[in-house]
Amino acid sequence: MSYSRKKVSVYILVIVGIILASSLFGCGKEETPSRKEEGSAQKEESSIQKENNSAQKEEFLDLGIEIKYHATEGEFIANPYARDVPALETVDSAREKGKTILTFTTVSVKGFDSNFRRVVNLFNNQSDEYYVDLINCYTGDELDSMMRRLNLEFASGGGPDIFQETVFPIGVEHLEKGMVVDLTPYLEQSGITKETFFPAYASYVYQDRIYGVTTSVSLSCDAIKEEVLGSRECSDIDTLLDKLLAYPEKASLFFPNQAPYAIVANLLGTSETLWGAVDWKNKTCDFSKPTFSKVLDVAKRYSEDAKRGYDAVMHSYYLGMSNIGVMDYDKQDDVMIGSFYDDGCFPSYGSAEVIMINANTKHLEGAYAFVSFLMTKTPQSYMFEPVNKEVWEEMYQNNMKKMEDGGFPGVLNDDIKKQLLEMYEKGHYEPRRNQVVLDIVFEEMDAFFTDQKTKEEVIDIIQRRVQMYLSE
């Protein structure tokens with residue numbers, strides 16, 4: 001199983017957390033109708049929708065906003081999940097009108113509709129040229145099936161025009177083969193830069209080129225119990241590993257029943273060089289370095305304790321407007337340490353909703369149009385934590401008003417806002433590395449965790465296999 005596939009479990013936790021937090025704003029659970037049911041419902045309500053659309057269009061023309069169906073901008077900023085956006089046409093009716101059909105494949109937790117449903121409908125309702133056909137699959141067996149299908153489609157020159165990376169994990173080797181579109185020049189041309197958007201928008205960057213974007217900020221910060229550290233400071237990864245190995249009590253790491261590969265992914269995933277084990281520039285490796293060895297020791301020890309259900313010593317906190325109060329951590333037993341990266345310790349951006357364009361698309365201009373549309377003010381107002389700085393500020397001001405009226409489940413003030421914005425600017429994504437190397441590490445380390453081989457034997461095998469690959 002590949003490293004990217006293992007990240008799916010982390011993706012599920014991120015999405016569930018966002019959904020639960022969204023419920024505080026009134027976001028309801030949506031059942032996903034079949035295409036047949038959806039089409040039938042649309043036919044039955046077509047006359048009502050046309051009437052509503054006419055009224056909304058007239059209202060928005062008065063406001064100078066070119067959207068055919070929408071509620072008022074103020075409603076969205078105050079409560080981004082308060083109103084649904086019905087689809088005013090189907091794939092068939094769009095095709096009959098001569099629209100170009102774009103396919104967009106996404107994933108969501110079973111029982112919940114795609115996070116992109118509303119903004120896709122917004123785009124389709126206002127575009128005279130394009131129609132985005134949203135194809136959503138659920139986590140679990142359905143996602144596994146979709147991954148296998150897309151692997152074949154991409155290999156044969158097909159696949160969706162636009163896709164969420166979770167349904168087809170992209171490694172460096174895919175970029176080297178030119179399988180996805182470099183978005184950098186188009187984003188610059190469209191004015192989508194770090195001046196007007198939080199750095200999180202560029203969610204897949206490799207060699208200073210942007211291959212994927214995200215529409216919403218998902219920021220987290222790791223914390224560890226103070227009793228494990230013996231202080232309220234932790235300066236580097238080796239200090240963290242040493243403290244974890246020296247801790248005398250039985251404990252899980254992040255949660256009970258956490259598998260060893262998940263622990264290794266947590267500890268290795270933020271280092272471009274796997275903590276000095278790989279020199280990508282010179283194509284050499286040395287997995288005998290102490291840090292890599294300690295990562296394996298921590299993973300084995302804490303995964304064995306996790307099987308027995310012991311409490312976790314580390315936690316990951318989501319940082320956003322809905323629960324920014326966790327930043328008052330000085331009064332807690334947990335010490336916020338962030339995540340260790342090669343260039344320091346920082347909060348981590350979640351990469352659950354990376355959007356990419358398939359290089360096989362025959363409708364590149366339309367795919368660009370949709371991606372840039374997602375970054376504009378109205379669609380951004382539907383996002384839980386928008387990457388558009390202007391929309392985020394308006395949402396913050398509205399939540400301040402709601403808090404004063406007792407309708408916001410959190411504490412906001414200028415000091416907290418300043419801290420949060422600083423974290424948004426400092427956040428890091430996990431670095432993108434060659435998937436083959438990580439696959440080798442995960443394949444071979446299992447023999448150590450199951451006591452089939454010693455740690456030294458496993459490290460030696462990893463060393464030989466990775467060096468052979470790098471030398472090819």
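These lines cover the structure that appears in this document, whether it is placed above or below. Everything numeric in this text was worked out from a predicted model, so none of it was measured.

**Considering helix H18 (residues 455–471)**
Okay, so step 1: In a regular helix each residue adds 1.5 Å, so 17 residues correspond to 24 Å; H18 covers 24 Å between its end C-alpha atoms and thus fits that length.
Okay, so step 2: Inspection of H18 places Lys455, Val458, Ile459, Ile461, Ile462, Val466 and Leu470 among the buried residues, and these make up the whole buried set. Projected down its long axis, H18 shows its buried positions confined to an angular sector of 160 degrees, all on one face. Exposed residues lying more than 90 degrees from the buried face of H18 are Glu456, Met468 and Ser471.

**What to know about the packing of aromatic side chains**
Okay, so step 1: Per the stated rule, a full pass over the model turns up 18 aromatic pairs.
Okay, so step 2: The interplanar angle of 65 degrees and the centroid separation of 5.2 Å between the aromatic rings of Phe104 and Phe116 together place this pair among those described as edge-to-face. One end of the pair, Phe104, is in strand S1 (residues 100–108); the other, Phe116, is in the loop between S1 and helix H5 (117–126), and 12 residues separate them in sequence. One exposure class covers both Phe104 and Phe116, and it is buried.
Okay, so step 3: Through a chain of ring-to-ring contacts, the aromatic side chains of Phe104, Phe116, Phe123, Phe370 and Phe373 assemble into a single cluster.
Okay, so step 4: The ring of Phe448 carries the charged tip of Lys300 above its face, separated from the ring centre by 4.4 Å.

**Here we look at the side chain of Gln258**
Okay, so step 1: On the secondary structure map, Gln258 appears in the loop between helix H10 (237–246) and helix H11 (260–268).
Okay, so step 2: Engagement of the side chain of Gln258 in a polar contact is seen with the side chain of Asn266, the distance being 3.0 Å.
Okay, so step 3: Among residues more than four places away in sequence, those in contact with Gln258 are Leu253, Ile263, Asn266, Ser303 and Ala306.

**Brief notes about the pairing of strand S5 (residues 209–213)**
Okay, so step 1: Most of S5 sits out of view: 4 of its 5 residues are buried.
Okay, so step 2: Relative to S5, strand S4 (residues 202–206) runs antiparallel, the two sharing 4 bridges. In the strand pairing of S5, Tyr204 is matched with Gly212.

**Overview of the pattern of salt bridges**
Okay, so step 1: Within this structure, the stated rule accounts for 18 salt bridges.
Okay, so step 2: Arg432 is paired through a salt bridge with Glu165; the nearest N and O atoms lie 3.2 Å apart. On the criterion of sequence distance, the pair formed by Arg432 in the loop between helix H16 (414–426) and helix H17 (435–449) and Glu165 in the loop between strand S3 (162–164) and helix H7 (172–176) is long-range, its members being 267 residues apart.
Okay, so step 3: Of the charged contacts in the structure, one is a salt bridge between Asp460 and Arg464, with a shortest N-O distance of 3.2 Å. Separated by 4 residues within a single helix, Asp460 and Arg464 lie in helix H18, roughly one turn from each other.
Okay, so step 4: For Arg464, a relative accessible area of 49% puts it in the partly exposed group.
Okay, so step 5: Taken together, the shared-partner salt bridges connect Glu89, Lys97 and Lys99 into one network.

**Here we look at the environment of Glu444**
Okay, so step 1: With respect to the helices and strands, Glu444 occurs in helix H17.
Okay, so step 2: Taking the relative accessible area as the measure of exposure, Glu444 reaches 18% and is therefore buried.
Okay, so step 3: For the pair Glu444 and Ile461, spaced 17 residues apart in sequence, the C-alpha to C-alpha distance is 7.3 Å.
Okay, so step 4: Residues in contact with Glu444, not counting those within four places in the same chain, are Val458, Ile461, Ile462 and Arg465.

**Comments concerning the packing of helix H15 (residues 389–404) against H16**
Okay, so step 1: Close contact between H15 and H16 brings their axes to 13 Å; oriented N to C, the two are set at 155 degrees. When the axes of H15 and H16 are compared, the pair comes out roughly antiparallel. For the pair H15 and H16, the sense of crossing is right-handed. Contacts from Lys389, Trp392, Glu393, Tyr396 and Gln397 in H15 reach Asp414, Lys417, Leu420, Leu421, Tyr424 and Glu425 in H16.

**Side note on the nonpolar core**
Okay, so step 1: Phe104, Tyr201, Val213, Val217, Ile355, Phe370 and Tyr424 are the most contacted members of the largest nonpolar core, which has 54 residues in total.
Okay, so step 2: Element by element, the count of residues in this core is highest for helix H13 (residues 364–374), at 6 residues.
Okay, so step 3: Leave out the neighbours within four places in its chain, and Tyr424 touches Phe198, Pro199, Val217, Leu219, Leu319, Gly320, Tyr349, Glu385 and Trp392.

**Thoughts on the side chain of Lys294**
Okay, so step 1: For Lys294, the position within the fold is in helix H12 (residues 290–307).
Okay, so step 2: Overall, the relative accessible area of 15% leaves Lys294 in the buried class.
Okay, so step 3: In this structure Lys294 touches Asp238, Leu241, Asp242 and Leu245, once residues within four positions along its chain are discounted.

**Here's the deal with the packing of H5 against H13**
Okay, so step 1: Contact geometry for H5 and H13: axes closest at 11 Å, N-to-C directions at 120 degrees. In terms of their interaxial angle, H5 and H13 are classed as oblique. Crossing of H5 over H13 shows right-handed handedness. Every residue of H13 that contacts H5 at Val119, Val120, Leu122, Phe123 and Gln126 is listed here: Ala369, Phe370, Phe373 and Leu374.
Okay, so step 2: Looking at side-chain class alone, the contact of H5 with H13 contains 8 nonpolar, 1 polar and no charged residues.

**Overview of unusual backbone geometry**
Okay, so step 1: For Leu274, which is not a glycine, the phi torsion comes out positive at approximately 55 degrees.
Okay, so step 2: Tracing the chain through its elements places Leu274 in the loop between H11 and strand S7 (278–279).
Okay, so step 3: Given a relative accessible area of 0%, Leu274 falls into the buried group.
Okay, so step 4: Of note in the backbone geometry, Lys283 takes a positive phi value of approximately 55 degrees without being a glycine.
Okay, so step 5: As for its position among the elements, Lys283 is in the loop between S7 and strand S8 (284–285).

Criteria and thresholds
- Residues numbered from 1 in each chain as written.
- Predicted model: local features only at pLDDT ≥ 70, side-chain atom pairs only at ≥ 80, totals over all residues.
- Heavy atoms only, no water.
- Helix = DSSP H or I, 4+ residues; strand = E, 2+ residues; numbered from the N terminus.
- Expected span 1.5 Å × (residues − 1).
- Buried < 20%, exposed > 50% of the residue type's maximum accessible area, 1.4 Å probe, protein only.
- Arc of directions from axis to C-beta.
- Phe/Tyr/Trp six-rings, centres within 6.5 Å; stacked < 30°, edge-to-face > 60°.
- Lys NZ or Arg CZ within 6 Å of the ring centre and 35° of its normal.
- Polar contact = N/O pair within 3.5 Å; in protein donor to acceptor, adjacent residues only side chain to side chain.
- Contact = heavy atoms within 4.5 Å.
- Pairing = 2+ DSSP bridges.
- Salt bridge = Lys/Arg side-chain N within 4 Å of Asp/Glu carboxyl O.
- Axes fitted to C-alpha atoms, helices over the stretch in contact; angles between N-to-C directions.
- Parallel < 35°, antiparallel > 145°, perpendicular 65-115°, else oblique.
- Left-handed = near helix turned anticlockwise from the far one by under 90°.
- Core = buried A, V, L, I, M, F, W, Y, C linked by side-chain atoms within 4.5 Å.
- Nonpolar A, V, L, I, M, F, W, Y, C, P; charged D, E, K, R; others polar.

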